[in-house]
Amino acid sequence: MITINPKKPGLKNIIILATGGTIAGTGEEGKTTNYQAGNLDIDTLVSSVSNIDKIANIYGEQIANVDSNDITIDHWLTLANKINELSKQDDIDGFVITHGTDTLEETAYFLDLTVKTNKPVVITGAMRPSTATSADGPLNLYQSVALAASELSIGHGCMVVFSDGIYSGRNVQKVNTFKTNAFNSIEFGCLGYMRDNVPYFFNKSIKPHTVDSQFDISGLNKLPVVSIAYFNIDADPLILDYLAERSEGVVIAGAGSGTFSSNWLNEIKNLEEKGIPVVRSSRIGSGIILRDETMDRYINCIPSYTLSPPKARILLSLALTKTKDFSEIGKIFSEY
Ligand code: GLU
């Protein structure tokens, strides 16, 4: 429960949940390299964004202050449970999460599948630390708050705002290691654009999310462990056995349309005998992977359709909270 005392009664009440990242990073004045992520607290971050108090009443809460490579499933469960709890309050209208960009797309997809509200949930970050010349965090945060406060955002699931674009949590990917326009959804395009504080929507994902998702994390304090194996020429197939010993499911970042060597294919039979599902994804980053008679000759093999390896890993982990049945898991992948 958060006590809401609107400073401006006509404005929407938006909760910002801060987790760290470059948006809260500091370093040498003017420079974009060699900084430390996750240094500023949420109040300092918000106070650096001019005019943000004119578009919403903001309530900040610090969930963590870490580099997003240190985000864990515990952080995910905390975020999802908090949003699910606070969204029951009539006087809260939407949520913004600040996050490091390296793993932002993973948190976005996890929340897309596990928050149980139609109220807007928006994730953002920055590519340049707060101390850089032309830091991008303030505009990204300003536009994220504006999007979370907009009626137009309802029902889009968890969205990402970055560099004037609005993206779905399911399809968004980081596509550049340092430029400010670092996110897009490749062939699925953006949901829309932000111009200043106004959203313009043009697309909507038809895949189940939020209130239509079957996944319920309330009461869970951990998730089934799913690991990713990256295939390349001559990759040792024993990595699959190693991961199967430590995981309840394995995702393969395969070549091309989720393919790998005959050595790896033979190893998958051992995983089938151990009851371990194997999702075939691709290291390519776009395109679709469908059921294939050769690659899916063992019943534990499941194509990932359009999900990238880290996103397939999230869906497989959540699917395993529901069923261990290979064909039921396959149905979940075809639906989501
Ligand atoms: N590695 C850091 C992180 O993901 C910095 C990257 C960023 O936020 O842009 O938190």
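Looking up the chain in an unreviewed UniProt entry gives the name asparaginase, with the organism given as Clostridium chromiireducens. Reading the Sequence similarities (unreviewed entry) entry of the UniProt record for the chain gives the comment "Belongs to the asparaginase 1 family."

J.: How should I be thinking about the packing of aromatic side chains in this particular structure?
T.: What describes a pair of aromatic rings is the distance from one ring centre to the other and the angle between the planes of the rings. This structure, assessed with the given rule, holds six aromatic pairs. Aromatic pair W76 and F110: ring centres 4.8 Å apart, planes at 20 degrees, arrangement stacked. Of this pair, W76 sits in helix α2 (residues 73-86) while F110 sits in helix α3 (residues 104-114), and the two are 34 residues apart along the sequence. Seen from the ring of Y59, K7 lies directly overhead, with NZ or CZ sitting 5.1 Å from the centre.

J.: Help me out: how do you make sense of the sheet that holds strand β11 (residues 226-230) in this one?
T.: Strands belonging to one sheet form pairs held by backbone hydrogen bonds; the direction of such a pair is parallel or antiparallel. Spatially, β11-β12-β13-β14 is the arrangement adopted by the four strands of the open sheet, whose pairing is parallel. With one partner strand each, in any of the chains shown, β11 and β14 (301-303) form the two edges of the open sheet. Taken pair by pair, the neighbouring strands of this sheet meet at an average axis angle of 30 degrees, ignoring direction. Judged from the five bridges that link them, β11 and strand β12 (residues 249-254) form a sheet pairing that is parallel. Paired with A229 across the bridge in β12 is I252. Contacting β13 (278-282) and β14, helix α8 (residues 326-335) crosses the sheet at an angle of about 10 degrees to β14.

J.: Help me understand the site of the ligand, please; the structure alone is not making it clear to me.
T.: Within the structure, the ligand sits among G21, T22, Y35, D67, S68, N69, G100, T101, D102 and A126. In this structure, D67 approaches the ligand through a side-chain N or O atom, which is 3.1 Å from a nitrogen atom. The contact in question runs from an oxygen atom of the ligand to an N or O atom on the backbone of A126, over 3.0 Å. In isolation the ligand exposes 280 Å². Once the protein is present, 92% of that is buried. Its residues assigned to classes, the shell around the ligand comprises two nonpolar, six polar and two charged.

Rules and cut-offs
- Residues numbered from 1 in each chain as written.
- Predicted model: local features only at pLDDT ≥ 70, side-chain atom pairs only at ≥ 80, totals over all residues.
- Heavy atoms only, no water.
- UniProt positions renumbered as here; feature names shortened; annotations may be inferred.
- Phe/Tyr/Trp six-rings, centres within 6.5 Å; stacked < 30°, edge-to-face > 60°.
- Helix = DSSP H or I, 4+ residues; strand = E, 2+ residues; numbered from the N terminus.
- Lys NZ or Arg CZ within 6 Å of the ring centre and 35° of its normal.
- Pairing = 2+ DSSP bridges.
- Axes fitted to C-alpha atoms, helices over the stretch in contact; angles between N-to-C directions.
- Contact = heavy atoms within 4.5 Å.
- Near = heavy atom within 4 Å.
- Polar contact = N/O pair within 3.5 Å; in protein donor to acceptor, adjacent residues only side chain to side chain.
- Areas by Shrake-Rupley, 256 points an atom, 1.4 Å probe, with all protein chains shown as cover.
- Nonpolar A, V, L, I, M, F, W, Y, C, P; charged D, E, K, R; others polar.

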